[in-house]
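# Coordinates in review
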Number of protein chains: 2
Amino acid sequence: MRIRLFHARLISFADGNTELKENMQIGIEDGKILFVCGDEEKKSDAYAWDVERDCEGNLILPGFKNCHTHSAMTFLRSKADDLPLHEWLNDTVFPAEAKLTAKDIHTFTKLAILEYLQSGITGIFEMYLTPESIAKACRETGMRITMTGGVNNFSQSVKQLEQWIKEFNAPGDLVKFVPGFHAEYTCSKGLLEEISALANQYKMPVYAHISETAKEVKECKERYGMTPVAFLDSIGMFANGGGGYHMVHLEEDDYEIIRQRDLYAITNPGSNCKLASGIAPVTKLLAEGIPVAIGTDGPASNNALDFFREMYLTSVLAKIRDEDAAALPAMEVLKMACHTGAHAMCIPESDSIDAGKNADLILLDLSQPNMQPMHNIGKNIVYSGSKNNVIFTMINGRILYDKGEFSIGVTKEEIYAEAEKILKRIFD
Amino acid sequence: MRIRLFHARLISFADGNTELKENMQIGIEDGKILFVCGDEEKKSDAYAWDVERDCEGNLILPGFKNCHTHSAMTFLRSKADDLPLHEWLNDTVFPAEAKLTAKDIHTFTKLAILEYLQSGITGIFEMYLTPESIAKACRETGMRITMTGGVNNFSQSVKQLEQWIKEFNAPGDLVKFVPGFHAEYTCSKGLLEEISALANQYKMPVYAHISETAKEVKECKERYGMTPVAFLDSIGMFANGGGGYHMVHLEEDDYEIIRQRDLYAITNPGSNCKLASGIAPVTKLLAEGIPVAIGTDGPASNNALDFFREMYLTSVLAKIRDEDAAALPAMEVLKMACHTGAHAMCIPESDSIDAGKNADLILLDLSQPNMQPMHNIGKNIVYSGSKNNVIFTMINGRILYDKGEFSIGVTKEEIYAEAEKILKRIFD
């Protein structure tokens, strides 16, 4: 399958470059980018194209990388809100999750995928139950995913982590798996040491919820005399890198460890606001040389899976936290979303629009009123953008969402009907 | 013109009621609501309908009231960002505004109206230059507006305020005008006293930016030994009520004055974040019995005119400020947007969907993935809703936006072309 996109504006983020180019064309073959060049160049003449699409001067970007989510928690959206994190987890989330089957998770992951595609998200970094059924949902629909384990004292095991590491990660597959665990506060020290040993055996990075709430940090210090970052590092967890979701409540010494271990800080501003967890120190992380990526977190705590909202929040909450309107300019946030996120979730081949990279990209409608006038496209997107600017979302060279219609092998109505049946069983 | 909407879900907010009803129909004649009743009732048989529309089980709400904006500042969107409020105003906004003509403001107001309609906004509370050309833009497109004066030491006058009070405010018109001024810090004491005298002469409420930044409050106290709220009250400004835009930095004694004078607090969370002004004490205002409405502020400081974002921010910033995930539940915010806002902007006849009220209403698409599942519609809208849920926006019985298309007497492309010409003149 060969697709040519032409008459496009483009921010490619190739080698991190944020320059806006006009009148560009992109050649795509079998899910990979063949070339990127000006409309007037003749590179395209060498190929026979299955599809040629006029982008009408609209903007192509690498798709957004949603670096932290629990997709199937769509089943709990608007079911339990307005509760603090620990109460929400223990009284509502865990009991309801106990009733979920692998097939349920397959359905509710697909429900989330609809929303990801509408929002221009081309890759998700997932932590949830039954990775096999999540992988199936992603392969069936065409969504790119990196999964991590959610091991804790009550579910999943280190043996399973090892199985999943071997089962997934085939070259060229849409699905990857990296070791991970839920959080320090839901895992015994022995369990964490086993996970650390596994990661070191396979030389793989490790991911977990880290320092999300003040309570978590306080209790970890009571238990081990160290912050979660310092404690996890002390047992060798991060010898091969990895990352922490949330990282809201960091202490001064944490930054040095995070930088030395090449960890990614994955910020989740929507969830942190809604659960009143706090505002992450994003500008300080960046100033310390730590790469920051962005995630929506799951739809039970956000509740939307809307990357425009998440980018906006990342920027403006930094301004509020720092009491500085100049903090975290828009283009820096857009780069986190399109480029840095790919590295955080271990898919560097999707970090930009350049020859040889994965064709994971989106077309944004600049003819909507919220993109006018066009003094600055990056600011327009981060400060004014919305899902209704997404014309199409392409993953691995396939357009899965186009002008409101999904091409994912199932209709949205079929997904809703299946979801409703499951919810009746769980909640009635 | 008679329109019947049927097979609708409805939250009418009649008498402030937030109950969700299903299978409802609404009869509309010449811009007013004739009746609201169940689909199975026979009230509709008595009329001949020009249009009957199946709402397919989707949700009708009173439209959102955007209670603070400077619409024509679309001309500055993404032109000057990432600057603190006072620097932004003095170095960028004021010099560029000096070049604006009444005709320019007419064009850029229309650009904003496109975005309002896409976002389900059916009424705007405007403060800007050249009210005549703003009123013209609203009458031509069909937008409902309440304007207030932006008098200050450098532009507009008390004489003009009086003219505008007389010129606008015809019964049944889309356009209203109430006295107002820019802010304490841009007006001399003498000027403020004249405005107060005028408002008392006409027995009208007064509106202004009040206590937006800590700097403003500090300097007012240095000047007058009182907070802006106390000082303005001391010169009789609020004898007939009114309201304050922003109200971020209130002191303990301010609340009593605000309540006693029946003032509305109009919160602008997007703008307050982006300019790093702070987070308004919304839950405290409500606990003190003060009604709170919501506004986007202008597109130069927000930068979007997106009421879904503004509702979401109103709720989650309250949770962050109070460190309480239970703060400001979703339905309370939806009521501010649909109902309270109408009172804040002096259009109580648009506060709900009930016989005799203005037909200012929106239809929201519940079949989008972000509205699924439907555990709680109010939470879905406030926490997950977006502009792509707006099917249509009706003002005064006319559908001005319907499934992506505008019916406002001008195309969006014509507005963009005109805007571009003006920007060349101003900035090139």
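Residues numbered from 1 in each chain as written. Chains lettered and ligands numbered in written order. Predicted model: local features only at pLDDT ≥ 70, side-chain atom pairs only at ≥ 80, totals over all residues.

## Regarding the overall build of chain A
- Helices and strands together make up the secondary structure of chain A, namely 14 helices and 18 strands.
- Over its C-alpha trace chain A gives a radius of gyration of 21 Å, about what one expects of a compact globule, namely 22 Å for 428 residues.
- Sorting the 428 residues of chain A into buried and exposed places 59% on the buried side.
- For chain A, the proportion of contacts with a sequence separation of at least 24, taken over those separated by at least 6, is 74%. (Helix = DSSP H or I, 4+ residues; strand = E, 2+ residues; numbered from the N terminus. Rg over C-alpha atoms; globule rule 2.2 N^0.38 Å. Buried ≥ 20, exposed ≤ 12 C-beta atoms within 10 Å, placed from the backbone. Contact = placed C-beta atoms within 7 Å.)

## Examining the sheet that holds strand S13 (residues 263–267) of chain B
All names here are of chain B.
- Sheet architecture is open: five strands sit in the order S10-S11-S12-S13-S14, paired in parallel fashion. With partners counted over all chains shown, the strands left at the sheet margins are strand S10 (180–183) and strand S14 (292–294), one partner each. Going across the sheet, the axis of each strand differs from the next one's by a mean of 20°, ignoring polarity.
- Bridge count between strand S12 (residues 242–246) and S13: four bridges; the pairing is parallel. Its bridge partner lying in S13, glycine 243 is registered against tyrosine 264. (Pairing = 2+ DSSP bridges. Axes fitted to C-alpha atoms, helices over the stretch in contact; angles between N-to-C directions.)

## Side note on the interface of chain A and chain B
- Contacts between the two partners involve 48 residues from chain A and, on the opposite side, 48 residues from chain B.
- Elements with a contribution of two residues or more to the side of chain A that touches chain B: helix H2 (102–118), helix H9 (269–274), helix H11 (307–322), helix H13 (377–384) and helix H14 (412–427) of chain A.

## Topic: the sheet that holds strand S12 (residues 242–246) of chain A
All names here are of chain A.
- Spatially, the five strands line up as an open sheet ordered S10-S11-S12-S13-S14, and their pairing is parallel. Of all strands in the sheet, those with a lone pairing partner are strand S10 (180–183) and strand S14 (292–294), marking the two edges. When strand polarity is set aside, the average angle formed by the axes of neighbouring strands in this sheet is 20°.

## What about the environment of A:His68?
All names here are of chain A.
- Tracing the chain through its elements places histidine 68 in strand S6 (residues 64–69).
- With 229 residues separating them in the primary sequence, histidine 68 and aspartate 297 have C-alpha atoms 5.1 Å apart.
- Not counting residues within four places of it along the chain, the set of residues in contact with histidine 68 comprises Phe125, Tyr245, Ile266, Asn268, Gly295 and Asp297.

## Remarks on the domain arrangement of chain A
Residue and element names in this part refer to chain A.
- Splitting chain A by domain gives domain 1 (2–63 + 350–406) and domain 2 (64–347).
- Using C-alpha coordinates to define each centre, domain 1 is positioned 28 Å away from domain 2.
- Listed per partner, the contact involves 27 residues of domain 1 and 29 residues of domain 2.
- Ranked by the residues each element gives to the side of domain 1 that touches domain 2, the list is headed by H13, at five residues.
- Across the side of domain 1 that touches domain 2, the residue classes break down as 12 nonpolar, 10 polar and five charged. (Domains from an automatic or database assignment. Nonpolar A, V, L, I, M, F, W, Y, C, P; charged D, E, K, R; others polar.)

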